[in-house]
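# Geometric and topological summary
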Amino acid sequence: MSSLPGLLRRVWTAFVAAVGRLDKSLSPSDTYKKFRKHNFTLSDSIYLFQIFLATFWLAIMQVPGYPFKLLIPLLFTIALIIPFTSQFFVPASPIFSYLLAFYSNRFIPASFRPGVSVVVLPTLESVLYGANISSILTRFTHPILDIMAWIPYGVGHYIIPFVVAAFLWLFRPKEALHQWARIFGYVNMIGVLTQILLPTAPPWYEVVHGLTPANYGMHGSPGGLLRIDRLFGGNGYTAAFTNSPLPFGAFPSLHAGCGTLEALFISHFFPSMTHYAWTYVAVLFWATMYMTHHYLIDVVGGACLAVACFYLLLPDELKGPMATAPPGGSGANGYGGRRSKYEVYDLEDPLRSGGGRGNGHLMRDADYELEEGSERESDDEEMDITYRSPIPNGPNSATPLVRPGGTADPKKSHRHTASIASLIRSEERAEEGWSPITSSFNFPPTPTRGER
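Residues numbered from 1 in each chain as written. Predicted model: local features only at pLDDT ≥ 70, side-chain atom pairs only at ≥ 80, totals over all residues. Heavy atoms only, no water.

Moving on: the overall build of the protein. Counting its secondary structure elements, the protein contains 21 helices and zero strands. Sorting the 452 residues of the protein into buried and exposed places 38% on the buried side. The long-range fraction of contacts in the protein, counting pairs at least 24 apart against all pairs at least 6 apart in sequence, stands at 79%. Counting every atom, the protein has about 26,200 Å² of accessible surface; 65% of that belongs to carbon and sulfur. (Helix = DSSP H or I, 4+ residues; strand = E, 2+ residues; numbered from the N terminus. Buried < 20%, exposed > 50% of the residue type's maximum accessible area, 1.4 Å probe, protein only. Contact = heavy atoms within 4.5 Å. Areas by Shrake-Rupley, 256 points an atom, 1.4 Å probe, with all protein chains shown as cover.)

For the rest of this paragraph, the subject is the packing of aromatic side chains. Summed over all chains, the structure comprises 22 aromatic pairs. Geometrically, the ring pair formed by Trp 150 and Phe 232 is tilted, given 5.2 Å between the ring centres and 45 degrees between the ring planes. Separated by 82 residues along the polypeptide, Trp 150 in helix 9 (residues 143-171) and Phe 232 in helix 12 (residues 225-232) bring together distant segments of the chain. Here Phe 232 falls in the exposed class, since its relative accessible area comes to 52%. (Phe/Tyr/Trp six-rings, centres within 6.5 Å; stacked < 30°, edge-to-face > 60°.)

What follows concerns helix 15 (residues 274-290). The terminal C-alpha atoms of helix 15, which comprises 17 residues, lie 24 Å apart, in line with the 24 Å expected from a rise of 1.5 Å per residue. Buried residues of helix 15: Ala 277, Val 281, Leu 284, Ala 287, Thr 288, Met 289 and Tyr 290, and no others. Buried residues in helix 15 make contact with helix 8 (133-137), helix 9, helix 12, helix 14 (254-269) and helix 16 (296-313). The positive-phi residue at the C-terminal boundary of helix 15 is Thr 292, with phi of around 60 degrees. (Expected span 1.5 Å × (residues − 1).)

With that settled, the discussion passes to empty space enclosed by the protein. Rolled over the atoms, a probe sized like a water molecule indicates the empty space that remains. Following the criterion strictly, the structure yields one cavity of 30 Å³ or more and no others. Of the pockets and cavities examined, the largest cavity occupies roughly 30 Å³. Within the residue set of the lining of the largest cavity, elements represented by two or more residues are helix 3 (46-60) and helix 6 (93-104). Looking at the lining of the largest cavity residue by residue, the classes come out as six nonpolar, one polar and no charged. (1 Å grid on protein atoms, 1.4 Å probe; cavity = no way out; pocket = protein on both sides within 12 Å on 5 of 7 lines; lining within 4 Å. Points joined across faces, edges and corners; volume = space filled by probe spheres on them. Nonpolar A, V, L, I, M, F, W, Y, C, P; charged D, E, K, R; others polar.)

It is worth spelling out the confidence of the model for the protein at this point. When pLDDT is averaged across the protein, the result is 80; 72% of the residues are at 70 or more. Mean pLDDT values for the elements of the protein range from 41 in helix 18 (residues 360-365) up to 97 in helix 14. Ignoring residues within four places in sequence, the model shows residues 330-346, a span with pLDDT below 50, making 44 contacts including any to other chains. Taken together, the stretch residues 410-419 has pLDDT below 50 and engages in 20 contacts with residues farther than four places along the chain or on a different chain. (pLDDT = per-residue confidence, 0-100.)

One finds Leu 168, Trp 180, Ile 183, Leu 261, Phe 265, Phe 269 and Leu 314 to be the most contacted residues of the largest nonpolar core, which totals 30 residues. Within the residue set of this core, elements represented by two or more residues are helix 1 (4-21), helix 9, helix 10 (174-197), helix 14, helix 15 and helix 16. The leading source of residues in this core is helix 14, at seven residues. Setting aside its immediate chain neighbours within four residues, Phe 265 contacts Val 164, Leu 168, Ala 176, Gln 179, Trp 180, Ile 183, Phe 270, Phe 310 and Leu 314. Of all hydrophobic cores here, the second largest spans 16 residues; its members include Met 61, Leu 100, Ile 108 and Met 189. (Core = buried A, V, L, I, M, F, W, Y, C linked by side-chain atoms within 4.5 Å.)

The next thing to look at is the side chain of Ser 117. Mapped onto the fold, Ser 117 is located in the loop between helix 6 and helix 7 (120-129). For Ser 117, a relative accessible area of 18% gives the class buried. Dropping the residues within four chain positions of it, Ser 117 is found in contact with Pro 199, Thr 200 and Ala 201.

What follows concerns the side chain of Thr 288. Considering the arrangement of structural elements, one finds Thr 288 in helix 15. In this view, Thr 288 contacts Tyr 153, Ser 253, His 255, His 293, His 294 and Val 299; residues no more than four positions away in its chain are not counted.

What follows is the structure in structure tokens.
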């Protein structure tokens, strides 16, 4: 197991490399060039749907009012046309669509809203599972159980998405981070739209109001999180959930959906963390019902939504070896693939010096170690023209390396380059105790005419 200083050093190195990979351009013309080169497909039509939804939510938004609410599309447009900010805002556009829908749905007139269902969820739960599971789980409460439920439900739900995004940004290809933002946004957007179109009362409503009809004039409730406010002497959860813009959004559970999606991404891109991720999700499932915010059927619905979005929307390119490839892809130099001959033989890379890439020094600082296979291959490549076999019948020139017709084998030519590089470094290697060329090198004796 790596020591803490080594782990922190690795994270810092990955952070420096991740910053070096960012597009730091502030010129809108660069964005325009990328836009012109983009090959539009049918899947890009989803952006038209997002524009339609954003226009609708902005039109009915009352707070902030006109003209201040126009700052929202203005600032978002500026963020899209600047390359440095667009690399974050374009993949995260479904998340902003979800947040806009969640906030603005409160301004929909009650006359246009469907009626709130109070009895559908508890009835379905009793029919499907034989009992009201959420009611059974809330019969016994204790401060220790409250803390155990609060950590994933009231803290982890809001922090873990950023943790997953940070690890994907640091240790996986940028496509993984883009897909995380995209799929996370779609899960929440689909969930919120379902909650708006099919409003259902959560378990806390049954505890407080029974099965009496609900209306949109009622406020939300913190449910079991009220005990957390009392335990810590605060009022944060009570204020937030009482003034929630969507109090009747029990089905599907977005706590369960987000937790399931987090576990799917972690187990897919970081397989060694699979057991920890799904243990967290299991506790989260229990916490959503223990806190009287969701029925079991809500939890199942949220989990199914996350699973469907993950497997339907994740590109095939990220379902193979690319899933665990380091940043830059499985074959990128310095990130888990083979290092170039300049790195193997400690030579200056002409592409990285002078007028090369501006972030070359950042990328060099983040180079990963050679794998065992690459080490063995490098050793094999060094043994070529730097040593002549004393066996008379052995090759005494580079003729076997040339194909008929004068075309050299590319792989063998690369070995020549590696051998020349080793000659350049021969003096330094002699100081380390070995060198293919020394003052005591003996040439093989010239074979006699009989031996020929």
